[in-house]
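Each chain, letter by letter, is given below.
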Amino acid sequence: MQSINLINMTPCCRILIPCRSNSFLGLPFKKTHNLSNFRQKCDFHSYPSRILGNGRIINRTQKLFCVVRNSSCGQSRVFSSNCNGINPIGASKRGFHVIASVASDFRNHSTSVEKTHVNNNKNFERIYVQGGLNAKKPLGVENADLDQHAATVQHEKVESVKEGEESQTVKEAWRLLENAVVTYCGSPIGTLAANDPNDKLPLNYDQVFIRDFIPSALAFLLKGEKEIVRNFLLHTLQLQSWEKTVDCYSPGQGLMPASFKVRTVPLDDNKYEEVLDPDFGESAIGRVAPVDSGLWWIILLRAYGKITGDYGLQERVDVQTGIKLIINLCLSDGFDMFPSLLVTDGSCMIDRRMGIHGHPLEIQALFYSALRCSRELLSLDEGSKNLVNAINNRLSALSFHIREYYWVDMKKINEIYRYKTEEYSTEATNKFNIYPEQIPHWLMDWIPEEGGYLIGNLQPAHMDFRFFTLGNLWSIVSSLSTPKQNEAILNLIEAKWYDLVGLMPLKICYPALESEDWRIITGSDPKNTPWSYHNGGSWPTLLWQFTLACIKMNRLDLAKKAVDSAEKRLQVDQWPEYYDTRYGKFTGKQARLYQTWTIAGFLTSKMLLENPETASLLFWEEDYDLLEICVCALTKSGRKKCSRGAAKSQILV
């Protein structure tokens, strides 16, 4: 096996010091490499032991950040990391400057909130959970002991999984995933988006994408390999908030890059240095900054702690600061009146124009998850008190908003069909002035009696009735939707299996935009033609999220059916990015082969099905405390913001 010299690395946020070598590094792993042979080698200075709120005693290593701000207009930077073991304490002699204000000034960015109102209205509680989970709150739903027990069970089963008989498809998937690993200063840091050796024009598929790496990270964690995930979390954190610009305009502080690339830069004397070059959207098609990257990063941080038991990572000062920057960016005040997050088209997995601008469901579900994660991860101190209050208030308002206004089933569609319009009142039933003519003809005949789903988008005078798979699945996983709605979503998928799953799981959205709708809404996008790519294409990477949702709702039969269907074709078809046609019959016309998140999504699904109890580490149960919080109740002026009086008449028994 090829030997690799491991050297101590002290990474530094913002400005990273070069790692010099006589040979090119940063290439994907070769077949002879084994991730299990890598060891953690970053030496950080320890802080005293801390006792966390739930009783865990942590004595973990933490690092100091050096921060250098540079607002040069339009300057493209590359960042490199020091691998020479420089001691950050007293490092000012070597050009380091520790800026304490990164953490201490954070309260200046905190969102101010009004005093929390406690709602004692039992009728509203029944509305809020849409069909009434009137049972008492179970004790210790998020108890640390349960987390520790689940993590222990996972570790005990890792070896048995390794020793179990694997199919040839699974063996090849692991080989391909390990070959897609990218190293930085001799350390694994992520996986390539795609690793097709025959692809002569990879574009940005030779980069590490934050959203793409999530299933890869889960696959490694479930296999018991945590170093690559830890390195990924720390290095992407170091890239946060760099002022990359488009036309001399910089995005908000706290933004995470969509992707990054490990580059080698020649130096004198035939030496080279490795640098991390992030892309915040300034090079992307459409020049759109990613909204979901920071949300996925927080979600992965929580999953890392849950699976590995390494809660010390989330307690680090730099990690705590990174969480706060992301959440403050999302909670910043603006012109929007809704608790949902306002974003532009192309800012998530659907990264091209597809008519999802506004308040797309996918972003709302990830936003809700990131808020719940942050509430768990943030250290409770004076500096984070206001932020935690803001998170609680937003969670309450967001969950009510999505459950009440995004949900459609036969009953709700019939109500919309009979809507009155032009209602001017705080008590209006048709609050968003939706015209009944917006209900598409396909929907009336398509939706089953037993089933429903969350629509794709909601804006004034506009409801996007398309079914977006990721948003609905992640609403189940995060408990953004109610338990009754969760069941209805899976019932819909089962009833419309051939439309939403077909020959290759799963449709990214349904139905596809065709004819004039395609021309106007997509701008005649030749890649998003009907039933291709984002426009109704089938994406195997959605398997792991479907599996997670099914396990949560005790519908393993559906997950196994989908995974078995994919396993029959993925290896034969060379692990494509997506599939085309109405039922996913053909490999996508422009699909990259050996797509990493296709491979990782399949592996993660297989491992979750083999050990369903580990899935509890990755999803959230209903948060009963949110039912007692109502930021929409009464303002100082006494006016109702959410018009709950009108909603009370819509209780589901």
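Residues numbered from 1 in each chain as written. Predicted model: local features only at pLDDT ≥ 70, side-chain atom pairs only at ≥ 80, totals over all residues. Heavy atoms only, no water.

In the annotation of an unreviewed UniProt entry, the entry for the protein reads Alkaline/neutral invertase, and the organism field reads Solanum commersonii. According to the UniProt record, the Catalytic activity (unreviewed entry) comment for the protein reads "Hydrolysis of terminal non-reducing beta-D-fructofuranoside residues in beta-D-fructofuranosides." The UniProt entry for the protein carries this comment under Sequence similarities (unreviewed entry): "Belongs to the glycosyl hydrolase 100 family." (UniProt positions renumbered as here; feature names shortened; annotations may be inferred.)

Asks: Sorry if this is basic, but what is going on with the pattern of salt bridges here?
Replies: Between side chains of opposite charge, a pair can form when the charged atoms approach closely. Tallied over the entire structure, the rule returns 20 salt bridges. Note that Lys223 and Glu178 form a salt bridge whose closest N and O atoms lie 3.5 Å from each other. Remark: Glu178 occurs in helix α4 (residues 168-179) and Lys223 occurs in helix α5 (residues 210-223); sequence separation between them is 45 residues. When its relative accessible area of 18% is taken as the criterion, Lys223 is described as buried. Linking Glu376 and Lys306 is a salt bridge whose minimum nitrogen-to-oxygen distance equals 4.0 Å. (Salt bridge = Lys/Arg side-chain N within 4 Å of Asp/Glu carboxyl O. Helix = DSSP H or I, 4+ residues; strand = E, 2+ residues; numbered from the N terminus. Buried < 20%, exposed > 50% of the residue type's maximum accessible area, 1.4 Å probe, protein only.)

Asks: What is the right way to look at the pairing of strand β10 (residues 259-266) in this model?
Replies: A regular strand places its side chains so that they alternate between the two faces of the sheet. Inspection of the sheet shows strand β9 (residues 208-209) paired to β10 by two bridges, in the antiparallel sense. Within the sheet, the bridge partner assigned to Phe209 lies in β10 and is Ser259. Of the pairings in the sheet, the one linking β10 to strand β11 (residues 272-279) comprises eight bridges and is antiparallel in character. Counted as the bridge partner of Thr264 is Glu274 from β11. Following β10, the chain reverses through five residues before pairing antiparallel with β11; Asp269 in that reversal takes a positive phi of roughly 60°. (Pairing = 2+ DSSP bridges.)

Asks: Sorry if this is basic, but what is going on with the packing of helix α18 (residues 543-552) against helix α20 (residues 596-610) here?
Replies: How two helices sit against one another is set out by the angle between their axes and by the gap between those axes. Put simply, α18 and α20 touch, their axes get as near as 7 Å, and they point 20° apart. Taken together, the axis directions place α18 and α20 in an arrangement best described as roughly parallel. Between α18 and α20, the contacting residues are Leu543, Trp544, Thr547, Leu548 and Ile551 on the first element and Gly601, Thr604, Ser605, Leu608 and Leu609 on the second. (Axes fitted to C-alpha atoms, helices over the stretch in contact; angles between N-to-C directions. Parallel < 35°, antiparallel > 145°, perpendicular 65-115°, else oblique. Contact = heavy atoms within 4.5 Å.)

Asks: Explain the side chain of Ser347 to me, please; I cannot follow it from the model alone.
Replies: Mapping Ser347 onto the fold places it in the loop between α9 (317-331) and α10 (361-377). Taking relative accessible area as the criterion, Ser347 reaches 1% and is therefore assigned buried. Apart from the residues lying within four places of it in its own chain, the contact partners of Ser347 are Arg211, Val288, Ala289, Pro290, Val291, Asp292 and Ile363.

Asks: Please explain helix α6 (residues 227-238) as it appears in this structure.
Replies: The α-helix winds at 3.6 residues per turn, so residues separated by three or four positions along the chain end up facing the same way. The terminal C-alpha atoms of α6 lie 17 Å apart, and with 12 residues this matches the ideal 16 Å at 1.5 Å per residue to within 8%. The buried fraction of α6 amounts to 12 of the 12 residues, a majority that puts the element mostly inside the structure. Those residues of α6 that sit buried are Glu227, Ile228, Val229, Arg230, Asn231, Phe232, Leu233, Leu234, His235, Thr236, Leu237 and Gln238. (Expected span 1.5 Å × (residues − 1).)

Asks: How should I be thinking about the sheet that holds strand β13 (residues 452-459) in this particular structure?
Replies: Backbone-to-backbone hydrogen bonds pair the strands of a sheet. The strands run either parallel or antiparallel. One open sheet accounts for four strands, arranged β12-β13-β14-β15; its pairing is antiparallel. This sheet does not close on itself; its edge strands, each paired only once, are β12 (407-409) and β15 (509-510). Where β13 and strand β14 (residues 462-468) come together, four bridges link them in antiparallel fashion. Counted as the bridge partner of Gln459 is His462 from β14. Running over the sheet, helix α12 (residues 410-417) touches β12 and β14 and is turned about 100° from β12. The strands touched by helix α15 (residues 483-495) are β12, β13 and β14; relative to β13, the strand with the most contacts, the crossing angle is about 105°.

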